[in-house]
Amino acid sequence: MITFDDAKKILQDKNQEQVLRYFESLDDTAKQELLKQIENINWNDLDKIGSSSQSQRGSFAPPPALSIDEIDGNKAAYEKLGLEAIQKGEVAAVLLAGGMGTRLGFDLPKGCFDVGQTRHLYIFECLINNLLEVVKQAGVYVPLYIMTSEKNDEATKGFFAEHNYFGYDKSFVKFFIQDMACAVDYDGKLLLEEKGRLATSPNGNGGWFTSMVKAGLDKDLHARGVKWINIFAVDNVLQKIADPVFVGATIEGKYQSASKVVRKVEPHEKMGLLCLEDGKPSIVEYYEMSKEMAEAKDLDGSLTYKFGVILNYLFALDKLEQIVNDSLEVHVVEKKIPYIAADGTKVSPTEPNGYKFELLVLDMVHMMDNNLAFEVERKSEFAPIKNLHGTDSVDSARELLKLNNVIL
């Protein structure tokens, strides 16, 4: 742990002395916490301010893909390969669950939200139930790693313990906290969210593997003999996790990574599209696509760029370890950041007032040598909960759960 004098010198050298403005008014615990935060500041992030994070895009082409019909035609073989890998302990799952339920009007971790109507059925419970289907099929448990955030770690762990891990063997479940990144104002000055605490936020969905390594869980992966990691987001209550068919298709095709995708319902649907960019797997956001690219069609009349990602990816562990020390692009994002002003008052801005720094999983996909687009049925594997009502909401997810014979 650095001393106060060490911290003061570091901050003076970086022209960030304002961080210690209230130091003398803090109790000993708060002082130590702030010094720890200062010691862990990633100063390289701040160097990204003003530089263009939107590099010139390359030449696009459709990705290698398996359509639903093609998957069905070879399902038994894929499933056999995938089950063998799972039974050998070669497949693990990572749940990205660092978010809170704020947009749902809910002040607990998002996974704690109850989607049930006549009984309790939590988002976390839906996901565990989906994974338990594979456990029953394979006859073995799949190691599950749950990424939390500083803000929801304690509540998430407590919720799982309170509900007895929803029937999952807790010896196969481990939690880890996502790394945090500092926030700055438009002048590049570090902001305080409390008098003794830097304003921070989780460092984006691309920070999951470095956070695992920092927590020492790479050693656990190797001890268990894991070769493949299936990462997935907390909000899609219908997704299949450690899906043997998905795993088997990836292994059979000798891919380093794979992405579950759904077919766009119309050319300008707001979702990231899987493609090749200069021959490498890539994801292009809907707002980056030209009208011509979005509406381009193949000879069969289907859209050329038709496969939207749903944040359910499979990565080879050995390739992840090769790229973990390579520098993922840091995205500088304008945000509304609550902070403590110079006079000690708390400010909650209504407009963006600074920058946060994020790593994105789409950049990890681009660092892979290849990636398989694996198409799934929307109605059976895509029920995201982003909002309380409307599109991609609790309401729409409930209807899809019912359609899939889940009792609410």
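Along each chain, residue indices are assigned from 1 in the same order as the chain's sequence is written. This being a predicted model, a pLDDT of at least 70 is required before a residue's local features are given, and a value of 80 or more before pairs of side-chain atoms are given or counted; all residues contribute to the totals for chains, interfaces and linings. Hydrogens and water are ignored here; the side-chain numbers use all heavy atoms of the structure.

Chemist: It is not clear to me how the overall build of the protein should be interpreted in this structure. Could you clarify?
Modeler: A count of helices and strands for the protein gives 15 helices and 20 strands. The globule rule used for comparison is 2.2 Å times the number of residues to the exponent 0.38, while the radius of gyration itself is calculated over C-alpha atoms. Taking 408 residues into account, the globule formula puts the C-alpha radius of gyration at 22 Å, and the protein, at 22 Å, falls close to it. By its C-alpha atoms, the protein is 70 × 50 × 45 Å across when sized along the principal axes. Considering only contacts within the protein whose residues lie at least 6 apart along the sequence, 75% involve residues at least 24 apart. Summing over all exposed atoms, the protein offers an accessible surface of approximately 19000 Å²; the carbon and sulfur share of this is 48%. Each helix corresponds to a stretch of at least 4 residues labelled H or I by DSSP, and each strand to a stretch of at least 2 residues labelled E; elements are numbered beginning at the N terminus. Throughout, a residue-residue contact means that at least one pair of heavy atoms, one from each residue, lies within 4.5 Å. Areas reported here follow the Shrake-Rupley algorithm with a probe of radius 1.4 Å; residue values treat only the protein chains shown as occluding.

Chemist: I tried to follow the state of the cysteines on my own but got confused; where do I start?
Modeler: A covalent bond between the sulfur atoms of two cysteines is what we call a disulfide. Note on terminology: disulfide denotes any pair of cysteine sulfur atoms within 2.5 Å. All chains considered together, the criterion is met by zero disulfides. Cys112 provides the cysteine sulfur closest to Cys126, a residue in no disulfide bond, and the two sulfurs are 13 Å apart.

Chemist: Would you mind going over the pattern of salt bridges with me for this structure?
Modeler: Where charged atoms from two side chains of opposite charge come close, those side chains can pair. Here a salt bridge means any side-chain nitrogen of Lys or Arg lying within 4 Å of a carboxyl oxygen belonging to Asp or Glu. Inspection of every chain in the model, using the stated rule, returns 22 salt bridges. With a shortest N-O distance of 2.9 Å, Glu84 and Lys80 are connected by a salt bridge. One end of the pair is Glu84 and the other is Lys80, both in helix H5 (residues 75-87) and four residues apart, which spans about a single turn. Look at Lys80 and you get exposed, because its relative accessible area is 53%. Each residue is assigned to one of three classes by its accessible area relative to the maximum for its type, calculated with a 1.4 Å probe on protein chains only: buried under 20%, partly exposed between the two thresholds, exposed over 50%.

Chemist: Mind showing me how you'd approach unusual backbone geometry here?
Modeler: Of all residues except glycine, most have a negative phi; of all peptide bonds, most are trans. One non-glycine residue, Phe166, lies in the positive phi region at around 55°. For Asp392, which is not a glycine, the phi torsion comes out positive at approximately 50°. For Asp392, a relative accessible area of 30% puts it in the partly exposed group.

Chemist: Teacher, can you tell me more about the sheet that holds strand E7 (residues 184-185) here?
Modeler: Consider a sheet: its strands pair through backbone hydrogen bonds, and that pairing is either parallel or antiparallel. A pair of strands is labelled paired if DSSP reports no fewer than 2 bridges between them. Within the open sheet, the three strands sit side by side as E7-E19-E16. Their pairing is antiparallel. Sheet topology places E7 and strand E16 (331-335) at the edges, where each strand pairs with a single neighbour. With five bridges joining them, E16 and strand E19 (residues 354-358) adopt antiparallel strand pairing. Looking at the pairing, His331 lines up with Glu358 of E19.

Chemist: What's the story with a negative patch on the surface in this structure? I'm lost.
Modeler: Like charges within 9 Å and nonpolar side chains (Val, Leu, Ile, Met, Phe, Trp, Tyr) within 5 Å are joined into patches, using only residues over 30% in relative accessible area that form no salt bridge. Only four residue types enter the tally: Lys and Arg on the positive side, Asp and Glu on the negative side, with His and both chain ends excluded. For charged residues, the charge sits on one atom: NZ in Lys, CZ in Arg, CG in Asp, CD in Glu. A cluster of acidic residues, Asp69, Glu70, Asp72 and Glu377, forms a negative patch at the surface. Here Asp69 lies in helix H4 (residues 68-73).

Chemist: What is the right way to read the pairing of strand E3 (residues 91-96) from this model?
Modeler: Regular strands place their side chains on alternate faces of the sheet. Counting buried positions over the six residues of E3 gives six, a clear majority of the element. With burial as the criterion, each face of E3 is covered, one bearing Val91, Ala93 and Leu95 and the other bearing Ala92, Val94 and Leu96. Across six bridges, E3 lies against strand E11 (residues 228-233) in parallel orientation. The residue of E11 that forms the bridge with Leu95 is Phe232. Pairing of E3 with strand E4 (residues 144-148) involves four bridges; the strand directions are parallel. From the neighbouring strand, Ala93 faces E4, where its bridge partner is Leu144.

Chemist: Honestly, the packing of H5 against helix H6 (residues 123-138) in this entry has me stumped. Any pointers?
Modeler: Axes are the key here: two packed helices are described by the angle between their axes and the distance separating the axes. In this analysis, axes come from line fits to C-alpha atoms, helices being fitted only over the stretch in contact, and the angle between any two N-to-C directions falls in the range 0 to 180 degrees. Where H5 meets H6, the closest approach of the two axes is 10 Å, and the angle between their N-to-C directions is 90°. In terms of orientation, H5 and H6 fall into the roughly perpendicular class. Residues Glu79, Leu83, Ile86 and Gln87 of H5 touch H6, and the partners they reach there are Val134, Gln137 and Ala138. Class assignment of the residues belonging to the contact of H5 with H6 gives a composition of four nonpolar, two polar and one charged. Throughout, the term roughly parallel applies to angles under 35 degrees, roughly antiparallel to angles over 145, roughly perpendicular to angles from 65 to 115, and oblique to all others. Note that Gly is not counted as nonpolar here; it falls among the polar residues with everything else outside the nonpolar set of Ala, Val, Leu, Ile, Met, Phe, Trp, Tyr, Cys and Pro and the charged set of Asp, Glu, Lys and Arg.

Chemist: How should the nonpolar core be read in this particular structure?
Modeler: Nonpolar side chains tend toward joint burial in soluble globular proteins. By nonpolar core we mean a set of buried residues, namely Ala, Val, Leu, Ile, Met, Phe, Trp, Tyr and Cys, connected to one another through side-chain atoms within 4.5 Å. Judged by nonpolar contacts, the single largest core of 71 residues is most densely connected at Leu95, Phe124, Leu144 and Tyr168. The element best represented in this core is H6, accounting for 10 residues. Setting aside residues no more than four positions away along its own chain, Phe124 makes contact with Leu95, Ala97, Gly111, Cys112, Thr156, Phe159, Phe160, Phe166 and Val234. Core analysis: the next-biggest nonpolar cluster, separate from the first, contains 57 residues, Trp43, Leu46, Tyr313 and Leu362 among them.

Chemist: Help me out: how do you make sense of the packing of H5 against helix H10 (residues 244-252) in this one?
Modeler: Remark: H5 packs on H10, axes separated minimally by 6 Å, with the N-to-C direction vectors making an angle of 95°. Taken together, the axis directions place H5 and H10 in an arrangement best described as roughly perpendicular. Only Pro244, Val245, Val247, Gly248, Ala249, Ile251 and Glu252 of H10 make contact with H5, whose side of the interface consists of Lys75, Tyr78, Glu79, Leu81, Gly82, Leu83, Ala85 and Ile86. Split into classes, the residues belonging to the contact of H5 with H10 amount to 10 nonpolar, two polar and three charged.

Chemist: So what exactly am I meant to see when it comes to the packing of aromatic side chains here?
Modeler: Between two aromatic rings, the relevant description is the distance of the centres plus the angle of the planes. By convention, a stacked pair of Phe, Tyr or Trp rings (six-membered ring in the case of Trp) has centres within 6.5 Å and planes under 30 degrees apart, an edge-to-face pair has planes over 60 apart, and any other such pair is tilted. For the coordinates displayed, the defined rule picks out 19 aromatic pairs. A ring pair is formed by Phe4 and Phe23, whose centres lie 4.9 Å apart and whose planes are at 35°; its orientation type is tilted. With a gap of 19 residues between them, Phe4 in helix H1 (residues 4-13) and Phe23 in the loop between H1 and helix H2 (28-39) connect regions that are remote in the sequence. Since its relative accessible area comes to 27%, Phe4 is described here as partly exposed. A ring pair is formed by Trp208 and Phe209, whose centres lie 5.5 Å apart and whose planes are at 70°; its orientation type is edge-to-face. Neither Trp208 nor Phe209 differs from the other in exposure class; each is buried. One aromatic cluster is present, built from ring pairs that chain together Tyr122, Phe124, Phe159, Phe160, Tyr165, Phe166 and Phe175.

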